Structures are given as structure tokens and as C-alpha cells.
Amino acid sequence: MDELAINGGKPVFDKKIGYGHQYIDDADIQAVVDVLKSDFLTCGPKIEEAEKKLCKITGSKYAVLIANGTAALHATMFAAGVGPGDEVITTPITFAASANCALYCGAKPVFADINPETYNIDPASIEAKITSNTKAVVAVDFTGQAVEVDKIRAICDKHNLIFIEDAAHSLGTKYNGKPVGSLADMTEFSFHPVKTCTAGEGGAITTNNEEFYKRLVLFRTHGITRSQELMDKESEGGWYYQQVDLGYNYRMTDIQAALLSSQLDKLEIFGKRRKELVKHYDEAFSTMPEIVVQKEIAESNTVRHLYIIQLNLDLLKCSRREVFDALQAEGVGVNVHYIPVYSFPYYQKLGYNMGECPNAERLYERIISIPLYYSLTDEEQDKVIKAVKKVIAYYRR
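For the structure given in this document, a descriptive report is provided here. (Residues numbered from 1 in each chain as written. Predicted model: local features only at pLDDT ≥ 70, side-chain atom pairs only at ≥ 80, totals over all residues. Heavy atoms only, no water.)

**With respect to unusual backbone geometry**
Stage number 1. The omega angle of the peptide bond from His337 to Tyr338 is 5 degrees, so this bond is cis rather than trans.
Stage number 2. Looking at the secondary structure, you find Tyr338 in the loop between α10 (320–329) and α11 (345–349).
Stage number 3. Residue Tyr119 is not a glycine yet carries a positive backbone phi of 75 degrees.
Stage number 4. Structurally, the position occupied by Tyr119 is in the loop between β3 (108–111) and α5 (123–129).
Stage number 5. At Asn160, a residue that is not glycine, the phi angle is positive and equals roughly 60 degrees.
Stage number 6. Inspection of the secondary structure assignment puts Asn160 in the loop between α6 (149–159) and β5 (162–166). (Helix = DSSP H or I, 4+ residues; strand = E, 2+ residues; numbered from the N terminus.)

**Focus on the state of the cysteines**
Put plainly, two cysteines are in a disulfide when a covalent bond ties their sulfur atoms together.
Stage number 1. The tally for this structure, following the rule as stated, stands at 0 disulfides.
Stage number 2. The cysteine Cys55 is free of any disulfide, with Cys197 supplying the nearest cysteine sulfur at 15 Å.
Stage number 3. A relative accessible area of 17% places Cys55 in the buried class. (Disulfide = S-S within 2.5 Å. Buried < 20%, exposed > 50% of the residue type's maximum accessible area, 1.4 Å probe, protein only.)

**Brief notes about the packing of aromatic side chains**
Stage number 1. Here the structure, examined in full by the defined rule, presents 19 aromatic pairs.
Stage number 2. When the ring of Tyr23 is compared with that of Tyr374, the centres are 4.8 Å apart and the planes differ by 65 degrees; the resulting orientation is edge-to-face. On the criterion of sequence distance, the pair formed by Tyr23 in the segment before α1 (26–36) and Tyr374 in the loop between β15 (367–370) and α13 (378–395) is long-range, its members being 351 residues apart.
Stage number 3. Seen in terms of ring centroids, Tyr281 and Tyr307 are 4.7 Å apart; in terms of plane orientation they differ by 40 degrees. Their pairing is tilted. You can see Tyr281 sitting in helix α9 (residues 267–285) and its partner Tyr307 sitting in strand β14 (residues 307–311), a full 26 residues away along the chain. Accessibility classification places Tyr281 together with Tyr307 in one group, the buried group.
Stage number 4. Over the aromatic face of Phe78 sits the side chain of Arg215, whose NZ or CZ is 4.2 Å from the ring centroid.
Stage number 5. Taking NZ or CZ as reference, Arg320 lies 4.7 Å from the ring centre of Tyr364, over its face. (Phe/Tyr/Trp six-rings, centres within 6.5 Å; stacked < 30°, edge-to-face > 60°. Lys NZ or Arg CZ within 6 Å of the ring centre and 35° of its normal.)

**Regarding the pattern of salt bridges**
Stage number 1. For the structure on display, the rule yields 24 salt bridges.
Stage number 2. Across the pair Asp157 and Arg153 runs a salt bridge, and its minimum N-O distance is 3.3 Å. Taken as a pair, Asp157 and Arg153 lie in helix α6 at a separation of 4 residues, close to a single helical turn.
Stage number 3. Between Glu365 and Arg366 there is a salt bridge whose closest N-O contact spans 3.2 Å. (Salt bridge = Lys/Arg side-chain N within 4 Å of Asp/Glu carboxyl O.)

**Some words on the sheet that holds β3**
Stage number 1. The 7 strands lie next to each other as β1-β9-β8-β5-β4-β2-β3, forming an open sheet whose pairing is mixed. This sheet does not close on itself; its edge strands, each paired only once, are β1 (62–66) and β3. Neighbour-to-neighbour, the strand axes of the sheet open up by a mean angle of 20 degrees, direction not taken into account.
Stage number 2. Both β1 and strand β9 (residues 203–207) contribute to a ladder of 5 bridges, which runs antiparallel. Within β9, the residue paired with Val64 across the bridge is Ile205.
Stage number 3. Against the sheet, helix α7 (residues 210–219) contacts β1, β5, β8 (186–190) and β9, and its axis sits at roughly 20 degrees relative to β1. (Pairing = 2+ DSSP bridges. Axes fitted to C-alpha atoms, helices over the stretch in contact; angles between N-to-C directions. Contact = heavy atoms within 4.5 Å.)

**Concerning the pairing of strand β2 (residues 87–90)**
Stage number 1. Both faces of β2 are covered, namely the face carrying Glu87 and Ile89 and the face carrying Val88 and Thr90.
Stage number 2. Pairing between β2 and β3: 4 bridges, direction parallel. Pairing of Thr90 across the sheet is with Phe111, part of β3.

**Brief notes about helix α8 (residues 254–264)**
Stage number 1. The element α8 is extensively covered by neighbouring structure, given that 10 of its 11 residues are classed as buried.
Stage number 2. When we look at burial in α8, the residues that qualify are Asp254, Gln256, Ala257, Ala258, Leu259, Leu260, Ser261, Ser262, Gln263 and Leu264.
Stage number 3. Buried residues along α8 sit in contact with α1, α2 (45–58), β1 and α9.

Next comes the structure, spelled out in C-alpha cells:
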């Protein structure tokens, strides 16, 4: 048995790789350069260009580019009319923004538990958490796998709730053959560098609802409009505008939109490669009882953002922390997605308690994210697998 690098042995990787990484080619660079040489650095034609591409990709009627994924979630709360006294149901296994967006509007996040096999929010738990104050559901497509859209849609329709799909991980994923982005009342996307397509920073919301669309556009521009239909009196001239609501400066620049537009042209090849990598990981770990892989529902044709291994700690003589540290020492950039949101000190001060979602808490103690990105080579992936097998072999009972 090879000695672990953490114990002084030779690491699998000479140079550490990350769990995620952007892919930028000459077309992306040229797209940004063209904008830098143009008349518009912000609020220009590249915004509309990228929005139209998103509509085509997702099958939605409207797309609104925005500063980042968190801003996009905040905007959905505004468009949905979420405010003080309302409750918004989401999952604790997500980035904090999925819950924080409710707090931004004075509402209360309510956490529903996850399905322990798919890691996505459990529709039965959603229904159990609904009260007379529930206004919306923010269902997260964790790792890129679509949530159980049909079940969640039925619950939302039954209780007159607004269905928001947090698709920060799932650009390119399809549910029953339909693209994510056209399924919920509003769908939020993120274009952070580790996501499938990047704008550097950036986000978007897609919707088929015209009223939501108008409110989203208003929200990203300070609540200011030049549209006569939204003003309370006739325009005083070409310079005139009114602030008709309280919005934010959540605009995306043309520089970012140009990069995003170029990246969207590569979505198909990005998705194809990610699926190849996921299949290879699944096959490599299928004979290892110490590792549990995420189960995928039949309805989801998934473009995976993250690849997560779940440790069967009963078969290991160590904790998750020891495996994590050992993989880092082997040069594998691993991470954990995610710490249950309500376990954070801020949420504990608000009155949230551990034990609210036992499936989520159990999962958190056992998961590690390993490298998954378009430019990960076959050789690098095989080294990641080698490192995982090396560490597991050392700690196997």
C-alpha cells in the first residue's frame, strides 16, 4: 500500500488542481475585447444578446441578466411580492443565498429536509412545512440535478405558492425533455467561474410571466423606469424618468454579458464533457462500498456542476475530515457542498436549531466534492480516482 502524502508519502499530483475551474478560449477573449473597443461598457447591446440566447436555451419567454446569482434570488423575492410576515421554504443543503434572499425582504426562511439518495429537497417535507404564511418555494437543483418538478409544481398549485427554481447549478439540465429555466414560475441562474458557463460574476432569471419580468427589470435598475405605462404622470421630455419602487443597482455590464454570450455558445460541448466525466467517476466508484454516489432521478437529464462522493463512515476507521485532509495532501482540490444553512451562527441567533432536517445534517457529515470541470483531462481524472482509492484503502476497516 502506498504511503499517504499526508504521512510523508509521494502525492498523486505534483501540482494541486481545484475542484472547479473556468474554461476560457480565444472566442471568449475576443468577445470581451470587442466590447472594450465599443461604445458601451454597460447597459449596451450585449445584455439583450445574452438574454435572447438564454431564452432560446431554456425555452422561456423572458430572461433578465443581473449582477450575480444572489442578486437574481433577491430579485425573484421582489417579483413574487415576498415581504414581512411571509415564509419561504427552501433546502438547508445549498449556498446561503437561497435562504438569505427571503431575509433580505423581511420574510422567514423555512427549511425542508432532503431526499437522502438524490440530495435534493424532498417534496413531502415541503408540504409538511407549509403554513398559512407560506408565500413561495425556492427549490435548489443541487449539483445540477433537477428537483422533482412535477411534484413541487403540484404542491405549489395546491397551496397557491410561487415556485422558484434555484438553478445556479443546472444550466443545460433537462427535466422530462424540457430545459430547466422554463419549468418554474421563475428560475435563477448563476455564472460564477466554477459554474458550467461563466460571466466572471453574473446571474439571470428566466420566466414566462410578463408581470414578473417587468418587476425583475425594474428591480435591477433602482426601481427606476422610463416606461410611460409605469409612470404616474406624462413624461416631461427625453431625459425624464421616475423611481416607482425601491430597487437596486443590480445591472450586469456588457463586458460580462459578452463573455457569457460567448460561453453560452459552448454550453452543449460543456455539458457533454461533464456527463462523460460523471459517468467515468460513477463507474470507478461503483465497486467501492465505502463510497456512495448521488442517485439521479429518471426525469433529470443532468449537466452536473458538482460531483460529490458520500463516505460510508461505518466502513472507514476515520472521519470525513481525515479523508478531506488526506485528499488535499495528494494534490486533489476538494471541497464540501454545503454546510446546512441553519447551522450558521447568524441563523442560530435567529432561533433556528440543529435537528430540523436530520437527512441534511447526516449528509453534510459525509460528503466531499471532488474535481469536475470541462477542461479536466482524462489523465487528471484518473489521478483523482487513484487518489481517492489510495486514501480509502488506507482508512478502510
